[in-house]
Amino acid sequence: MRADFWRKKRFVKLRGLVRRPLIFFILSLFLLFPSFFLYAQEDNQPCYGDAIIVGSIGEPITLVPILAADSASQDIVGLVFNGLLKYDKDINLVGDLAEDWEVSEDGLVITFYLRKGVKWQDGVPFTAEDVLFTYKKLVDPHTKTPYSGDFERIKKFEVIDDYTIKITYKQPFSPALASWTMPIMPSHLLKNEEDFKHFARHPVGTGPYRFIKWETGSKIVLEAYDEYFQGRPYIDRYIYYIIPDQSTLFLELKNRNLDYISLTPLQYQRQTNTEFFKKNFRKYRYLSFGYTYIGWNLNNPKFKDKRVRQAINYAIDKEEIIKGVLLGLGRVCTGPFVPNSWAYNPAVKPAEYNPEKARQLLALAGWKKKDKEGILLKGNERFEFTLLTNQGNVSRRKCAEIIQQKLREIGIKMHIKIVEWGCLLDLIERREFEAVLLGWGLSRDPDCYDIFHSSKTGPREFNFVSYKNKEVDRLLEEGRRVFSQSKRKEIYQKVHKLIYEDQPYTFLYVPDALPIIDARFRGIEPTINGIGYNFIKWWVPKDKQRFKR
Amino acid sequence: MSRRFILSGSLIIGILIILALFAPLLSPYDPNKIDVENILSPPSKAHILGTDSLGRDLLSRILYGTRVSLKVGVVAVGIALLIGVAIGALAGYCSGRIDALLMRFVDIMLCFPTFFLLLSMVAFLRPTVFNIMLIIGLTSWMGVARIVRAEVLSIKEREFIRYIKAMGAGDMRIVSKHILPNVLPSILVVGILRMGGAILTESALSFLGLGVQPPIPSWGSILMEGKSVMDIAWWMSVFPGIAILLTVLGYNLLAEGIRTLAISRS
Amino acid sequence: MLSYFLKRLFSLVPLLLGITFISFLIIHLAPGKPSYLKEMNPRISAEAQERLIRLYQLDKPILVQYIHWLKRVIKLDFGNSFADGRKVIVRIRERLPITLLINALSLFFILLFAFPVGIISSLKPNGVFDKCTTLFVFIGFSLPSFYLALLLMLLFGIKLGCLPISGIVSFNHSQLSSGERILDIAKHLILPVSVATFGGLAGFSRYVRANMIEVLKQDYIRTAYAQGIGRGRIVCKFALKNALLPLITILGLSVPGLLGGSVILESVFAIPGMGRLLYEATLSRDYPLIMGGVVIGAVLTLLGNLIADLCYAWADPRIRYQ
């Protein structure tokens, strides 16, 4: 999820002490070749100023962190607020508003020691009260938050002093730590505001950027917060420009009116290779934290049979999909964890494309004969089903078309039905689907209890394919109890293997994230956690700055 | 002049009908044959109009798209005319309460935001080609009803109708035998004009991602796909664009010709 | 006249009730559920979702919900949008002006061009001018608007680089002087307004042309010619007046279009208008917002019709007594 993406900012620690002779040497050089150093300084020393204009298809819905559920809202929230914890460049949890934390031996109690001297953007000091307030709002039945789940597992929330919090859970719950990346809201501003109506459009946080204005439907402007506790960000202003059409977004980039957008695979591979783009922009490419899959309704007699699902997995050529849909910009997905996650099991190898094996497996499952059209039969039943997916996602549509053709080759007739999002959710909720082509955006924490545990098959719950496997259930429960990452790694790698064998989903691909950024920005260092984690350290050399204050 | 309009209009439409009928014979490839090695290749000997973003032959897709576009136009308009003429004629002929009631219903339908109607119907029904036609038809009959009502109102008051009525002819007979034939030219003109409109509505739905379901090719969906790659694959937007332009133009010329012909006759 | 007006005005009330009730029914019965989530998010628990449904009162019977809604609307309270909790009326108000401006401008330009084009064509039907303009307006009508928009954007925005292609103001808008600001907005409006005008030109100009041809054939025009009145005067004074009367109805009918805006143009040009607002509201099943849009659209359509009728009644007294 993109919230984490922005939340990971990193401290750049000053490298150890410089020895004296070295200083002397440098000083003498400086005296001898002043101009050389002036130049070097301009190019390597971060300096303040300029603005970055980010183009986005979606508009944020609300800037109240505990209500924000769409990625556009989270983009902005991530810059204005901080959580207690955050993920660093290597996807490890590190302190953000919390300086340090402790987990008790039995895993029931987490104690946070908050950072002192942090100020809200209106000057009021940040204290434990704010965390308590945020927690209370999260579990308040009148708050329309979608995130209450993780926080309802808290038994007792104690404020020890202004900078110490002790949280007791009903059971040991290791994803709790990740849940405290939830941005903290200011108690002093919101205590008397019933429904966040004003705050939703005028947020005040502790983060690197202050909210300035929001022109509905067109843009949001943020400005560097001078007293940010991790140091003022170099880039003065952050402007979030909303352009709902992908083609227009790209044309505006071409006009150099935007500094940063996400490219489509076609744009990355074919439309940005000109001299103009090479000169003015830098493209980045890294694996995203999400995957695309087909979910099978396991209550449907056709797909109940594991062999049928495995056959389909053999029949779909993932490499072809990656070539056709992503133009090569992605990896085959082998399970519920992506390669950049520590829970990923590299031993799980993707099934090869093998239509012959698929036919054999289908024959074993009773799909032997074919009718005049060449569609497989079992008794009188034709192997025919409908794949649902959501409107407005070109990749998924193309993906469905390729799959359709591949399945037809082994005698399965697949219809494609594209419906708009609200409708799709409804059909899934009522279990009125046979198969659905969707994607999951993943948290950095591998806990996927809600997606694959057999107790989560209720109407609005996320194991909508009704996957049930006792061993997976047991492992998922254990994964939540254990705090040690190495132990959890073992557990989730087992989960990874078991789920790939069972094929409740046909795992398709992990797409690459493809940001493009104006070449004047410096300090961008892609890691497995993307590029957003050190946004406050991005900067523009003085002579290249485009926007003056 | 009207003859020349009709001639050029029917020539265009005639050619399109032939292309649609013989699409399987004329297409060099299976329009749904995916070839990921050949994504967006420019027009060449192998692919006369180039290929699309899944490497499918554009010429074949446009030819098959002709079927969809023509069908959408004819059937959607057929439905709209059926409802529109029935309601319009009933309202115009009966006048009084029934008229008021029916026209209020028309008003209500006109007040809905059209795309909302479209959207909720796409949600109700599977967006197959037939349902798209049904939906476009169901959301576009109101104008027809109004025009028909107005015409019926004016014809009803003419001498010859009164005369027939005095002779003791039944209402059904009067409407179907004497009034509707007189309204026919207007209906024809409106209908043909709407056919062009329906094709445009289909492309608008495709723009919103709610057009005919893949892999069925429609001009609207090809054009929609082409618009995002205009800088590297002009063929993806130019050819379907021309196809839509020509068809709508053809319908319009035909309608215009019939209209002027009808006026000059009367 | 006044009693006629009052009678007509009064008859709008049941109509409005009908419209709102049917819309309410369709909107709530249509498949799909309120959701401002663009993707599924496993962090959102089932209990949390149930809670949202209760808070939105979606668990009550539809009729009860409708009456609740109606009671509030009578007090001119359209409720709060599901998506961000802000007042529906506020959300509509911030989007309406730009849509009104663009549509009014394009209607203005359509009329501005349609009249001369229609009238001149009608003087010499099938002349060179007529043929050329006919082809021109038909091309405008036949091109899907998003395609035309993109072609113009490529030409003027990228190739020539002389016009902005998206939004309604420049990035540095707030730093401009007030004169420059107006110029800035005007520049941004050129492309969307031209696309809308070009697309709508065909309908009006053909209409004017057809009416004019009809009127010019009437006896009184011939009489006027016979009396030696100049051609210019005949066209402007006698013919035009009569040819324009039916236009009143058409203008009345274009009122909802003025407010509704176009989803497609607004998306392509990134204009924050009503079309996009209502489209997004529909997709996310933001019931209060959709209903707000429906009510405002309906009221204005009905008023537009009423005004058109009144103009007619005023121009042609016979209608009043029917």
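Residues numbered from 1 in each chain as written. Chains lettered and ligands numbered in written order. Predicted model: local features only at pLDDT ≥ 70, side-chain atom pairs only at ≥ 80, totals over all residues. Heavy atoms only, no water.

**Side note on the overall build of chain B**
Argument step 1. A count of helices and strands for chain B gives 11 helices and 0 strands.
Argument step 2. In terms of its C-alpha atoms, chain B occupies a principal-axis envelope of roughly 75 × 45 × 30 Å.
Argument step 3. Buried positions account for 56% of the 266 residues belonging to chain B.
Argument step 4. Of all intrachain contacts in chain B linking residues separated by at least 6 positions in sequence, the fraction that spans at least 24 positions is 71%.
Argument step 5. If the 23 positive side-chain charges of chain B are averaged to one point and the 15 negative ones to another, these points end up 10 Å apart. (Helix = DSSP H or I, 4+ residues; strand = E, 2+ residues; numbered from the N terminus. Buried < 20%, exposed > 50% of the residue type's maximum accessible area, 1.4 Å probe, protein only. Contact = heavy atoms within 4.5 Å. Lys, Arg positive; Asp, Glu negative; His and termini not counted. Charge placed at Lys NZ, Arg CZ, Asp CG, Glu CD.)

**A few points about the interface of chain A and chain C**
Argument step 1. Contact with chain A, which involves 63 residues of that partner, is made by 51 residues of chain C.
Argument step 2. Across the chain A/chain C interface, buried area totals approximately 5,200 Å², and carbon plus sulfur atoms make up 56% of it.
Argument step 3. Three residues, Ile61(A), Lys144(A) and Arg460(A), lead the burial of chain A against chain C; their summed loss comes to 13% of the area buried on that side.
Argument step 4. At the boundary of chain A and chain C, one finds 1 salt bridge.
Argument step 5. Among the salt bridges present, the one from Glu59(A) reaches Arg95(C), with a minimum N-O distance of 3.7 Å.
Argument step 6. Across the chain A-chain C interface, the total number found is 5 residue pairs in polar contact (both at pLDDT 80 or more).
Argument step 7. Contributing elements (two or more residues each) for the side of chain A that touches chain C: α5 (128-139), α6 (148-151), β8 (209-215), β10 (237-242), α9 (246-254), α17 (421-429), β21 (435-441) and α18 (449-452) of chain A.
Argument step 8. With 7 residues, the single largest contributor to the side of chain A that touches chain C is α17(A). (Buried area = accessible area lost by both parts, 1.4 Å probe. Salt bridge = Lys/Arg side-chain N within 4 Å of Asp/Glu carboxyl O. Polar contact = N/O pair within 3.5 Å; in protein donor to acceptor, adjacent residues only side chain to side chain.)

**As for helix α20 (residues 485-502) of chain A**
Residue and element names in this part refer to chain A.
Argument step 1. Relative to the 26 Å expected for 18 residues at 1.5 Å per residue, α20 spans 25 Å between its end C-alpha atoms, a close match to the ideal helical length.
Argument step 2. Taken as a whole, α20 has its buried residues at Arg488, Ile491, Tyr492, Val495, His496, Ile499, Tyr500 and Asp502. An end-on view of α20 places all buried positions within 165° of arc, on one side of the element. Seen from the open side of α20, the exposed residues pointing more than 90 degrees away from its buried face are Ser486, Lys487 and Glu490.
Argument step 3. The inward-facing, buried residues of α20 contact α7 (175-179), α13 (306-315), α18, α19 (470-481) and β22 (505-513).
Argument step 4. Within two residues after α20, Gln503 carries a phi angle of roughly 55°, on the positive side. (Expected span 1.5 Å × (residues − 1). Arc of directions from axis to C-beta.)

**A closer look at the packing of aromatic side chains**
All names here are of chain A.
Argument step 1. For the structure shown, the criterion picks out 47 aromatic pairs over all chains.
Argument step 2. With 6.2 Å between their ring centres and 55° between their planes, Phe157 and Trp180 make a pair best called tilted. Here the residue Phe157 occupies a position in strand β6 (residues 154-161), and Trp180 occupies one in the loop between α7 and α8 (187-190), the gap between them amounting to 23 residues. Both residues of the pair, Phe157 and Trp180, count as buried.
Argument step 3. Every member of this aromatic cluster is reached through a ring pair, and the members are Tyr291, Tyr293, Trp440, Phe452, Phe462, Tyr467, Tyr500, Tyr505 and Phe507.
Argument step 4. Its guanidinium or amino end placed over the ring of Phe173, Arg153 lies 4.5 Å from that ring's centre, counting from NZ or CZ. (Phe/Tyr/Trp six-rings, centres within 6.5 Å; stacked < 30°, edge-to-face > 60°. Lys NZ or Arg CZ within 6 Å of the ring centre and 35° of its normal.)

**Digging into the nonpolar core**
All names here are of chain A.
Argument step 1. Of all hydrophobic cores here, the largest spans 167 residues; its most connected members are Tyr291, Phe385, Leu407, Phe452, Phe464 and Tyr505.
Argument step 2. Both domains that furnish three or more residues to this core are identified here as domain 1 (82-201) and domain 3 (290-512).
Argument step 3. The contact partners of Phe385, leaving out residues within four places of it in the chain, are Trp296, Phe303, Leu407, Ile412, Lys413, Met414, His415, Glu434 and Ala435. (Core = buried A, V, L, I, M, F, W, Y, C linked by side-chain atoms within 4.5 Å. Domains from an automatic or database assignment.)

**Focus on the pattern of salt bridges**
Argument step 1. On inspection of all chains with the given rule, the structure shows 48 salt bridges over all chains.
Argument step 2. We note a salt bridge from Glu37(B) to Lys323(A), for which the minimum N-O separation is 2.8 Å. Separated into two different chains, Glu37(B) in the loop between α2 (23-26) and α3 (58-94) and Lys323(A) in helix α14 (residues 318-326) make up a pair that spans both.
Argument step 3. The exposure class of Lys323(A) is partly exposed, given its relative accessible area of 38%.
Argument step 4. Linking Asp130(C) and Arg209(C) is a salt bridge whose minimum nitrogen-to-oxygen distance equals 3.0 Å.

**Things to note about the side chain of Ser179(A)**
Residues and elements named next belong to chain A.
Argument step 1. Inspection of the secondary structure puts Ser179 in helix α7.
Argument step 2. On the accessibility criterion, Ser179 (2% relative accessible area) is buried.
Argument step 3. Here Ser179 is in contact with Asp150, Phe151 and Tyr169, once residues within four sequence places are set aside.

**Topic: α3(B)**
Argument step 1. Along its 37 residues, α3(B) runs 52 Å from first to last C-alpha, staying within 8% of the 54 Å computed at 1.5 Å per residue.
Argument step 2. Ser95(B) lies just past α3(B) and shows a positive phi near 45°.

**With respect to the side chain of Asp518(A)**
Residues and elements named next belong to chain A.
Argument step 1. Relative to the helices and strands, Asp518 resides in strand β23 (residues 515-518).
Argument step 2. For Asp518, a relative accessible area of 1% translates into the label buried.
Argument step 3. Excluding residues within four positions of it along the chain, Asp518 makes contact with Arg256, Asp259, Asn280, Phe281 and Arg546.

**Here we look at the interface of chain A and chain B**
Argument step 1. Taken together, the contact between chain A and chain B spans 24 residues of the former and 27 residues of the latter.
Argument step 2. With both chains or domains summed, chain A and chain B bury close to 2,400 Å², and 53% of this area falls on carbon and sulfur atoms.
Argument step 3. Among the residues chain A hides against chain B, the three largest losses belong to Arg270(A), Glu401(A) and Gln405(A). Together they make up 20% of the total.
Argument step 4. There are 5 salt bridges connecting chain A and chain B.

**With respect to the confidence of the model for chain C**
Argument step 1. On average, residues of chain C carry a pLDDT of 79, and 88% of them reach 70 or more.
Argument step 2. Both confidence scores are given for the complex: pTM 0.83, ipTM 0.81. (pLDDT = per-residue confidence, 0-100.)

**Re the packing of helix α8 (residues 159-166) of chain B against helix α9 (residues 171-207) of chain B**
Helix packing geometry: the angle between the two helix axes and the distance between the axes.
Residue and element names in this part refer to chain B.
Argument step 1. With their axes 11 Å apart at the nearest point, α8 and α9 run at an angle of 160° to one another. If you check the angle between α8 and α9, you find them roughly antiparallel. Of the two elements, α8 crosses α9, and the hand of that crossing is right-handed. Counted together, Phe160, Ile161, Ile164 and Lys165 of α8 and Asp171, Ile174, His178, Ile179 and Asn182 of α9 form the full contact between these two elements.
Argument step 2. Across the contact of α8 with α9, the residue classes break down as 5 nonpolar, 2 polar and 2 charged. (Axes fitted to C-alpha atoms, helices over the stretch in contact; angles between N-to-C directions. Parallel < 35°, antiparallel > 145°, perpendicular 65-115°, else oblique. Left-handed = near helix turned anticlockwise from the far one by under 90°. Nonpolar A, V, L, I, M, F, W, Y, C, P; charged D, E, K, R; others polar.)

**A word on the sheet that holds strand β16 (residues 369-370) of chain A**
Argument step 1. Taken together, 3 strands build an open sheet; the order of strands is β16-β17-β18 (chain A) and the sheet is antiparallel. Two strands close off the open sheet at either side, each with one partner strand: β16 and β18 (381-382) of chain A. (Pairing = 2+ DSSP bridges.)

**Quick word on the packing of helix α5 (residues 128-142) of chain C against helix α7 (residues 178-216) of chain C**
Residues and elements named next belong to chain C.
Argument step 1. Direction vectors running N to C along α5 and α7 enclose 140°, while the axes themselves pass 6 Å from each other. Looking at the two axes, α5 sits oblique to α7. Judged by the twist between their axes, the crossing of α5 over α7 is left-handed. Residue-level contacts link Asp130, Thr134, Phe136, Val137, Phe138, Ile139, Gly140 and Phe141 of α5 to Phe198, Gly199, Leu201, Ala202, Ser205, Arg206 and Arg209 of α7.
Argument step 2. Here the residues of the contact of α5 with α7 sort into 8 nonpolar, 4 polar and 3 charged.

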